[in-house]
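# Understanding the architecture of this molecule
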Amino acid sequence: MDKHTFWKLIATARSEAGPDQVASYASQLLARRPEAEIAEAQQVLWDLLAESYRSPLWATAYVINGGCSDDGFDYFRGWLLTQGEEAFARALADPDSLADHPAVREAAAEGLELWDEEALSIAWTAYEARTGRQLPSDSFTISYPPLDPSWNFDFDDTAETSTRLPRLSTLFA
């Protein structure tokens, strides 16, 4: 499994399931694939999580969700994965662009948090469904890059956050 195939899996799940069911449906689709491919999907997922482990995106999650712990950041990135390749890439290139995303706009209007813990276990769930066993622990590795020190500020500092994420700060003011 490569990134392209993984994103096709997410796109199919998005087109066939409701927005809150993307991770679950992606697991069901993945469970139909060969065992080795399911295990490979876990590495792809962790590679995408490592790619999205960025301070600007963490600040974005903090603004959108009204705070963001380490686990909360993982779950936010899980939600972002379920939004599809285009939304994921756009958010990495310009986190403030999430102000245009319909779910983000709804979250601002309704006071909702955006996270999806289940997305982090798409391959785990699929592997167990397919084999009846847990995914082997040696089937993936993760290495997070260092966070950007220029974004090392208190995300509660609304003046600084507003300067760096102006559209999201306005939306969630």
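To start, this report covers the structure provided alongside it. (Residues numbered from 1 in each chain as written. Predicted model: local features only at pLDDT ≥ 70, side-chain atom pairs only at ≥ 80, totals over all residues. Heavy atoms only, no water.)

## Here we look at the environment of Leu112
Within the secondary structure, Leu112 is located in the loop between helix H7 (102-110) and helix H8 (122-131). With 48 residues separating them along the chain, Leu112 and Ile64 place their C-alpha atoms 8.5 Å apart. Those residues in contact with Leu112 that sit more than four places away from it in its chain are Ile64, Asn65, Glu106 and Ala107. (Helix = DSSP H or I, 4+ residues; strand = E, 2+ residues; numbered from the N terminus. Contact = heavy atoms within 4.5 Å.)

## Here's the deal with the packing of helix H1 (residues 3-16) against helix H3 (residues 35-51)
Packed helices, taken two at a time, are described by the angle their axes make and the gap between the axes. Two numbers describe how H1 lies on H3: the axes approach to 10 Å, and their chain directions differ by 90°. Regarding the angle of H1 to H3, the classification is roughly perpendicular. For the pair formed by H1 and H3, the contact residues are Lys3, Thr5, Phe6 and Trp7 on the first element and Glu37, Ala41, Val44, Leu45, Leu48 and Glu51 on the second. Residues that form the contact of H1 with H3 fall into these classes: 6 nonpolar, 1 polar and 3 charged. (Axes fitted to C-alpha atoms, helices over the stretch in contact; angles between N-to-C directions. Parallel < 35°, antiparallel > 145°, perpendicular 65-115°, else oblique. Nonpolar A, V, L, I, M, F, W, Y, C, P; charged D, E, K, R; others polar.)

## A closer look at the side chain of Gln42
You can see Gln42 is positioned in helix H3. Those residues within four positions of Gln42 in sequence are excluded, and the remaining contacts are Leu120, Ala123, Trp124, Leu135 and Phe140.

## Notes on the packing of aromatic side chains
As enumerated under the stated definition, the model contains 13 aromatic pairs in all. Measuring from ring centre to ring centre gives 5.9 Å for Tyr53 and Phe73, while their planes differ by 45°; the resulting arrangement is tilted. In this pair, Tyr53 is assigned in the loop between H3 and helix H4 (55-65) and Phe73 in helix H5 (residues 70-82), connecting sequence segments 20 residues apart. Phe73 matches Tyr53 in its accessibility class, with the two residues each being buried. Among the aromatic residues, those joined into a ring-pair cluster are Tyr53, Trp58, Phe73 and Tyr144. Positioned above the aromatic ring of Phe73 is the side chain of Arg77, whose terminal nitrogen or guanidinium carbon lies 4.4 Å from the ring centre. (Phe/Tyr/Trp six-rings, centres within 6.5 Å; stacked < 30°, edge-to-face > 60°. Buried < 20%, exposed > 50% of the residue type's maximum accessible area, 1.4 Å probe, protein only. Lys NZ or Arg CZ within 6 Å of the ring centre and 35° of its normal.)

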